[in-house]
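Single-letter residue listing:
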Amino acid sequence: MNILSKNYIKRSFDKASKSYSGFSELQNEIAKSLTFMIQSDFFGDILEIGVGDGKLANLIKFSYNNYIGIDLSLNMAHLFKKNHPKKYSIVADGENLPFASNTFDLIISSSVFQWFVSPENSIPKLINLLKDKKNMFFSVFSKGTFWQMHEISKITGFGSVLDLKDKLFYENLGFDCKMVQYTVYYKSVKDFLHSHKKSGARYTNQTTFCAKSKFFEFCSMYEKLFGTQKGIEVTYVVTFCKKA
């Protein structure tokens, strides 16, 4: 992933800003679980990375002095500010932030760090922004997410899946982690892909150009192998991390 990829991610979320709230139910559930990990009642200065429409900010129960939210997408940053007018909203890259060391009492982020180019470098830099080098909590989509799609893509040659880190990767950065698997059922493969697109999560760090026949083959095989009475099965693997 490089600067061109970041621009693609930014454009994807800019385009999805109007539809994101209606197609991110799972992200809301993940954000809620993340808040349960935070035990303190008060933090002075808070930084949230990748604010989106403000799901995580809606759910926090603790009090604070200042809440700064950043997002790579201008449209998402505007949406956050609209939903949370008393909080600060800044357009910035979470891997290149304009803040000095020892600035924040808490850093939080939900369903964002999978987009980082160099998490092995940028996450330690984020820790350095904390006054006590602790109180950082995040959730991140991890290896195993969309494994069904990955298998069908290998067979049919249609589509691709973002290369994700596993739980051990984040543990090696000094975090206490737990992994949770979610299974979501969609009416059809087309419904799944449409929902995925509308949530803004489109980048996969691979480029594929396929004929329509490949798409139809992909849909047919997915439904044949992973279709159930509840709908087609889609797996999401999420790692919850804390440095407390």
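Everything here concerns the structure above.
Here the structure is a predicted model, which means the values were calculated and not measured. (Residues numbered from 1 in each chain as written. Predicted model: local features only at pLDDT ≥ 70, side-chain atom pairs only at ≥ 80, totals over all residues. Heavy atoms only, no water.)

Asks: Where do I start with the packing of aromatic side chains in this structure?
Replies: Within a pair of aromatic rings, the relevant descriptors are the distance that separates the centres and the angle that separates the planes. Overall, the coordinates contain 21 aromatic pairs when judged by the stated rule. Judged by centre distance (5.4 Å) and plane angle (75°), the rings of F146 and F192 are edge-to-face. Of this pair, F146 sits in the loop between β5 (136–141) and α6 (147–156) while F192 is found in helix α8 (residues 189–198), placing the two residues 46 residues apart along the sequence. By relative accessible area, which is 0% here, F192 ends up buried. Among the aromatic residues, ring-to-ring pairing joins F141, F146, W147, F158, Y186, F192, F215, F216, F218, Y222, F226 and Y236 into one connected group. One residue, K165, lies across the ring of F169, its end atom 5.1 Å from the ring centre. Here the basic side chain of K243 rests over the ring of F175, its NZ or CZ set 5.3 Å away from the ring centre. (Phe/Tyr/Trp six-rings, centres within 6.5 Å; stacked < 30°, edge-to-face > 60°. Helix = DSSP H or I, 4+ residues; strand = E, 2+ residues; numbered from the N terminus. Buried < 20%, exposed > 50% of the residue type's maximum accessible area, 1.4 Å probe, protein only. Lys NZ or Arg CZ within 6 Å of the ring centre and 35° of its normal.)

Asks: Before we go on, may I ask you to explain the pairing of strand β8 (residues 231–243) in this structure?
Replies: Here is the key point about a regular strand: its side chains alternate between the two faces of the sheet. The buried count for β8 comes to 11 of 13 residues, which makes it a mostly enclosed element. Summarising the sheet, strand β6 (residues 176–186) and β8 pair through 11 bridges and their orientation is antiparallel. Bridged to M179 within β8 is T239. Pairing geometry for strand β7 (residues 227–228) and β8, over 2 bridges, is antiparallel. Directly across from T228, in β8, lies its bridge partner G231. The antiparallel hairpin formed by β7 and β8 contains 2 residues in its connecting segment. (Pairing = 2+ DSSP bridges.)

Asks: What is the right way to read the environment of I123 from this model?
Replies: As for its position among the elements, I123 is in helix α5 (residues 119–128). In this structure, the C-alpha to C-alpha distance between I123 and G94, residues 29 residues apart in sequence, is 9.1 Å. Those residues within four positions of I123 in sequence are excluded, and the remaining contacts are F113, F116, M136, F138, Y170, L173 and F175. (Contact = heavy atoms within 4.5 Å.)

Asks: What is the right way to read the environment of E95 from this model?
Replies: Among the secondary structure elements, E95 is positioned in the loop between β3 (88–91) and β4 (106–110). Since its relative accessible area comes to 11%, E95 is described here as buried. C-alpha separation for the pair E95 and V237, spaced 142 residues apart in sequence, amounts to 23 Å. From its side chain, E95 meets the backbone nitrogen of V117 in a polar contact 2.6 Å long. (Polar contact = N/O pair within 3.5 Å; in protein donor to acceptor, adjacent residues only side chain to side chain.)

Asks: Mind showing me how you'd approach unusual backbone geometry here?
Replies: Glycine aside, a negative phi is what most residues show, and trans is what most peptide bonds show. If you check the backbone angles, N102 has positive phi at about 60° while not being a glycine. Mapping N102 onto the fold places it in the loop between β3 and β4. At N135, a residue that is not glycine, the phi angle is positive and equals roughly 70°. Secondary-structure assignment places N135 in the loop between α5 and β5. By relative accessible area, N135 is classed as buried at 16%.

Asks: Is there a simple way to think about a positive patch on the surface in this case?
Replies: Judged by side-chain charge, R11, K15, K197 and K198 come together as a positively charged surface patch. Among the secondary structure elements, those contributing two or more residues to the positive patch are α1 (3–16) and α8. Its place among the elements puts R11 in helix α1. (Patch = residues over 30% accessible without salt bridge, like charges linked within 9 Å, V, L, I, M, F, W, Y side chains within 5 Å. Areas by Shrake-Rupley, 256 points an atom, 1.4 Å probe, with all protein chains shown as cover. Salt bridge = Lys/Arg side-chain N within 4 Å of Asp/Glu carboxyl O. Lys, Arg positive; Asp, Glu negative; His and termini not counted. Charge placed at Lys NZ, Arg CZ, Asp CG, Glu CD.)

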